[in-house]
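Reading the structure
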Amino acid sequence: MWQRGRMHASFPADVDLALVGGGGAASLVLAALDRHDVTGLRVAVVDPVHKRGQDRTWAFWGLPGDDLDPLLSASWSQVDVVTPAGRRVLSLDPLRYGMLRSAPVYDRAAEAERRLDAVRISAPAGELHDDGERVTVRDPDGRDLVRAGWVLDSRPRRPRRPGRTSWLQHFRGWWLAADRPTFDPQRAVLMDFRTPQPQRGVSFGYVLPVDDRFALVEYTEFGPELLDDAGYDAALRGYADLLGLDLTAQRVREVENGVIPMTDGPFDSRPSPRVVRLGTAGGATRPSTGFTFSAMLRQADQVALALAAGRPPVPAPAYPGRHLWMDAVALRALDRGHVGGVEFFERLFDRNPPERVLRFLDGVTSPAEDLAVMRSSPLLPMTGAVLGDAAGRLRARLRR
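Residues numbered from 1 in each chain as written. Predicted model: local features only at pLDDT ≥ 70, side-chain atom pairs only at ≥ 80, totals over all residues. Heavy atoms only, no water.

Relative to each other, helix α1 (residues 24-35) and helix α4 (residues 293-308) sit at 40 degrees, their axes nearing to 8 Å. It follows from the interaxial angle that α1 and α4 lie oblique. Handedness of the α1/α4 crossing: right-handed. Here Gly 24, Ala 25, Leu 28, Val 29, Ala 32, Leu 33 and Arg 35 of α1 come into contact with α4, specifically with Phe 293, Met 296, Leu 297, Ala 300, Asp 301, Val 303, Ala 304 and Leu 307. (Axes fitted to C-alpha atoms, helices over the stretch in contact; angles between N-to-C directions. Helix = DSSP H or I, 4+ residues; strand = E, 2+ residues; numbered from the N terminus. Parallel < 35°, antiparallel > 145°, perpendicular 65-115°, else oblique. Left-handed = near helix turned anticlockwise from the far one by under 90°. Contact = heavy atoms within 4.5 Å.)

Below, the structure written as structure tokens:
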């Protein structure tokens, strides 16, 4: 059960910091602790699975030249947004859109774990008991695994209460390998809305080329209902046809699937004094888009910098409150049919500079930029959604 790092003769281990869950959020924290040279910290990782290899892909934007650049599979300074009305080529300068696969992230985390001399506990975590001074992590049978000064918990959680609107971002992607030049490695397709639109929700495809013969081709839906396997495969075949890809000349090397919550339901980022939640459980997923990685990266850096300075490892809220309100309104407008999904995103990219849109989706725009984004949306439908959201909040408050 004990793996790598310091060995203990018996349970529970005693540490300063325990990471419960060893996926993307925890891996970024481990790497950040190492990068910011946080020393003298006793660390434990509690997860029954030691993450390795390629099990997911993150795509995000940011300034080039950062610590992640050596890990990227590909990056682009231009992306396409495609609608039935035409194709927009967006220059992202000074930003770049990067594709990061999980294997190098897990490898870097494993190296950081070794440098930190961390203890890995290969067991599932159950209840966390926080007495205000220490947190005891127990397994599902109630046995103590570790006692820690702080716990960072990145296990998936439901919102504290159901949202007024609860959608899902769900997707399937094929990693396609071709025998001859097929893809344009200079540009990624960020969103392609030519896909058949669901009755309730919005769909799009996208293409992330690593080179001219290898790319991730993915189909995504935002909406309340998942598809079955046959539905995802049919949607992907249809999108490949739209792209003019001959699937008989392609090999599907890998398949990626995912489901990400899109909800205005609140997540408890700090459920007790010494427990902090990270990742989606800590509010890192943007409700209106499902984007998560950039917020996870910010959380990891803030945790590491706080610990390096001797402060509690409590990151700032992932998104400003005004952005969460705007997301709630947008979700309501899309869910109730006040505005079509293609129209909503088309206007967003058509009436704003690309950098502003991407900064807004990352939650780092100023109030003045947010107003500009709001002005680009359809006025009357969004006004109706604002009023409906206010009435929904009032009803929920009265029920509570």
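What follows is about the nonpolar core. Nonpolar side chains in soluble globular proteins generally cluster together in the buried interior. Of all hydrophobic cores here, the largest spans 44 residues; its most connected members are Tyr 97, Leu 190, Phe 193 and Leu 208. Counting residues per element, this core draws most heavily on helix α5 (residues 321-335), at 6 residues. Residues in contact with Leu 208, not counting those within four places in the same chain, are Ala 59, Trp 76, Tyr 97, Met 99, Ala 188, Ala 215 and Leu 216. Within the second largest apolar cluster, 38 residues are counted, among which are Leu 19, Val 43, Phe 60 and Val 105. (Core = buried A, V, L, I, M, F, W, Y, C linked by side-chain atoms within 4.5 Å. Buried < 20%, exposed > 50% of the residue type's maximum accessible area, 1.4 Å probe, protein only.)

Attention shifts here to the environment of Glu 355. You can see Glu 355 is positioned in helix α7 (residues 354-362). Its relative accessible area of 31% is what places Glu 355 among the partly exposed residues. For Glu 355 and Leu 33, which are 322 residues apart along the polypeptide, the C-alpha to C-alpha distance reads 30 Å.

Take helix α2 (residues 102-115) next. Its 14 residues give α2 an end-to-end C-alpha distance of 20 Å, which sits within 8% of 20 Å, the value for a rise of 1.5 Å per residue. Residues of α2 that are buried include every one of Ser 102, Ala 103, Val 105, Tyr 106, Ala 109, Ala 110, Ala 112 and Glu 113, and no others. Here the buried face of α2 lies against α1, β3 (43-46), β4 (57-62), β8 (96-101) and β9 (119-121). Positive backbone phi, at 55 degrees, marks Asp 117, one or two positions downstream of α2. (Expected span 1.5 Å × (residues − 1).)

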